[in-house]
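A structural walkthrough
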Amino acid sequence: YLFFFQAEDGIRDAQESRGLGDVYKRQVPYQAPVASEEFESWALILLFIGFCLMMWFFIYQITYRKVERYLIKELTIGLLSALFLGSGTFFFLLSVGLYM
Amino acid sequence: MKKKKALNTYYIAVPREYDQFLALILVRDKNNKDIVPVRIQDNSVQAQYNATIYKVDLTHYVESNQEEQLIITETYFNRMSALPKKITIFEDQNVEIYDNPHFFSPYPTEKSQTTYKLASSPIFYTEEDATAKGGNIEYGPYRNDGAFTRSKIRLHFENTRPFPVFKNVTRVIEVSHWGNIAIEDFYKLANEGAELTGEYNKVDFNKYTQHTGKNSLKNLKAKLPYNSWGVYYKDEVGNISTSRAFRDSASNSVDMTIEPRFALLGGWKSNFYIGYNLPAKYTLFVEKADPTNYYLRQNSGLIFKGIMAEEFTIKVILPEGATEINYQFPFPLNEVSEEKSFSYFDFEGRPTFVFKIKNVVDYHDQTFTVNYKFSQNSIIREPLM
């Protein structure tokens, strides 16, 4: 889409800025769901839990023979570890300054 | 008997030959407010006198037979041209300018006087009606000038400073609701001073030889917002290490000095990027009554003061899923358009608004607001992916 506006009325004076002051009072600074100081902590904890789950998954694969393993258990552990590792990586990237 | 009216409208005329170089007019009346005049439609009067007329709505009425003082500030660019156009590395840069010493106005003028303030005595000035006092050349006083009085004087004087101009500045502002605003500026810088005649060589022009290449552009100063972090200065080749930045609480800004890879002589150009980040809490605001309503407040001017940008494009990239986007600028824009940007985890793209302003000067250093609605819960989608 392209909207083309001609340079229009350019008169601005004090009344405009007086109105803005009232508007500014109704606005508060934005707070992110996770404060930037906590990004590293979240990343570490989530990644740690994710790695633990991933290790549990591998050990489960190695310890039991194929017929003794339960698919449901494999899928559940796999999914959980993926969730934690994924969000842990996300917070890790946030902590080094790559905001998505 | 005709009753005389009170007026609150005033008209300013600018000769057409100078109007194309006009960046800004500001009018200040006794209430000390800066008013921007509006150009009126072309009409026969303007065609007849080869003038452009601007209309000012004053902040109050002036009664009949009353006097009013107005301060009119006109900012021009490219009015001074280097003469000679090409100089050697050892010579000083001289510039010439043509101007109308009479007050060019749609109204008759009882008395007028024009003073040209130069740094030093000029090489040449038109002598008619002129009184020279060192660097100040006074023309007039002229009495009983009619409307649209025209004449031409010429000044030729020394000005050894570089003439930096940004041919194009593009700013990309990316908003992330995880708490950061990332800003990257791209600059096309040119030095429009006297060009170099002959070959450039480092034997004559180097940092050890003084008083050579006086009109070369060696460094620029910028002011970034106080809470900037992650500042970088780079170009297509890579990072440029010749820069310094200092967070100054006294001036409430980050003072940055950059030195381009090479000193820009007259006619030379250089492109570079300057990027920085701002924590969202300083520029992004939420409406108390309606927490889905967000306001982004950003600076609409350049971080370099005293340098004009011929074209300034501001791109604001909002998070995917932002709707009902409005914007508010304290001055009129030349062009507005909307597009989509694609970045991490995007499906339909991030709404991007592109604002273009021409001939940006220090006056444009104000705040603009972009307002949008966004459902905060949708950002959880990103880590889940």
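Residues numbered from 1 in each chain as written. Chains lettered and ligands numbered in written order. Predicted model: local features only at pLDDT ≥ 70, side-chain atom pairs only at ≥ 80, totals over all residues. Heavy atoms only, no water.

1. A word on the packing of aromatic side chains
- Following the criterion strictly, the structure yields 35 aromatic pairs over all chains and no others.
- Ring geometry for B:Phe21 versus B:Phe77: centroids 6.4 Å apart, planes at 85°, classification edge-to-face. With B:Phe21 in the loop between helix H1 (16–19) and strand S2 (22–28) and B:Phe77 in the loop between strand S6 (71–76) and strand S7 (81–82), this residue pair connects regions lying 56 residues apart in the sequence.
- For B:Phe21, a relative accessible area of 23% translates into the label partly exposed.
- Owing to a relative accessible area of 15%, B:Phe77 belongs among the buried residues under this scheme.
- Seen in terms of ring centroids, B:Tyr294 and B:Phe374 are 6.3 Å apart; in terms of plane orientation they differ by 65°. Their pairing is edge-to-face. With B:Tyr294 in strand S24 (residues 293–299) and B:Phe374 in the loop between strand S29 (367–373) and helix H4 (381–384), the pair connects residues that are 80 residues apart, well separated along the chain. Of the two residues, B:Tyr294 and B:Phe374, neither departs from the other in class, the shared state being buried.
- One aromatic cluster is present, formed by A:Phe39, A:Trp42, A:Phe90, A:Phe91, A:Tyr99, B:Trp178, B:Trp229 and B:Phe345 through successive ring pairs.
- Taking the ring centre of B:Tyr98 as reference, the NZ or CZ of B:Lys152 above it sits at 5.0 Å.
- Residue placement shows B:Arg297 over the ring face of B:Phe285; its charged tip is 3.7 Å from the ring centre. (Phe/Tyr/Trp six-rings, centres within 6.5 Å; stacked < 30°, edge-to-face > 60°. Helix = DSSP H or I, 4+ residues; strand = E, 2+ residues; numbered from the N terminus. Buried < 20%, exposed > 50% of the residue type's maximum accessible area, 1.4 Å probe, protein only. Lys NZ or Arg CZ within 6 Å of the ring centre and 35° of its normal.)

2. Quick look at empty space enclosed by the protein
All names here are of chain B.
- One pass over the structure, following the stated rule, counts 3 cavities of 30 Å³ or more.
- The calculated volume of the largest cavity comes to roughly 110 Å³.
- Pro-319, Glu-320, Phe-374, Ile-379 and Glu-382 are the residues nearest the centre of the largest cavity, which is lined by 14 residues in total.
- Elements with a minimum of two residues in the lining of the largest cavity: strand S15 (164–176) and H4.
- Its residues placed into classes, the lining of the largest cavity shows 6 nonpolar, 3 polar and 5 charged.
- Put simply, the second largest cavity is a space of about 50 Å³.
- In terms of lining, the second largest cavity is formed by Ile-87, Thr-88, Ile-89, Ala-194, Glu-195, Leu-196, Gly-213, Asn-215, Leu-265 and Gly-266.
- Of the residues in the lining of the second largest cavity, the class split is 5 nonpolar, 4 polar and 1 charged. (1 Å grid on protein atoms, 1.4 Å probe; cavity = no way out; pocket = protein on both sides within 12 Å on 5 of 7 lines; lining within 4 Å. Points joined across faces, edges and corners; volume = space filled by probe spheres on them. Nonpolar A, V, L, I, M, F, W, Y, C, P; charged D, E, K, R; others polar.)

3. Considerations on the nonpolar core
- Among the nonpolar cores identified, the biggest contains 62 residues, and B:Phe166, B:Phe272, B:Phe304 and B:Phe355 are the most heavily contacted of them.
- The residues touching B:Phe272, leaving out its near neighbours within four places in the chain, are B:Phe166, B:Asp185, B:Phe186, B:Tyr187, B:Leu189, B:Tyr233, B:Lys234, B:Asp235, B:Ile240, B:Ile258 and B:Phe304. (Core = buried A, V, L, I, M, F, W, Y, C linked by side-chain atoms within 4.5 Å. Contact = heavy atoms within 4.5 Å.)

4. A word on helix H3 (residues 71–95) of chain A
- The end-to-end C-alpha separation of H3(A) is 36 Å, in line with the 36 Å expected for 25 residues at 1.5 Å each.
- When we look at burial in H3(A), the residues that qualify are A:Glu74, A:Ile77, A:Ser81, A:Leu85, A:Ser87, A:Gly88, A:Phe90, A:Phe91 and A:Leu94.
- The inward-facing, buried residues of H3(A) abut helix H2 (39–63) of chain A together with H4 of chain B.
- Two residues or fewer after H3(A) comes A:Gly97, characterised by a positive phi angle close to 105°. (Expected span 1.5 Å × (residues − 1).)

5. Looking at the environment of B:Val56
All names here are of chain B.
- By the secondary structure assignment, Val-56 is in strand S5 (residues 51–62).
- We classify Val-56 as buried; its relative accessible area is 1%.
- When the C-alpha atoms of Val-56 and Arg-39 are compared, they prove to be 9.0 Å apart, with 17 residues separating the residues in sequence.
- Every residue in contact with Val-56, bar those within four places of it in the chain, is listed here: Asn-8, Thr-9, Tyr-10, Ile-12, Val-27, Ile-35 and Pro-37.

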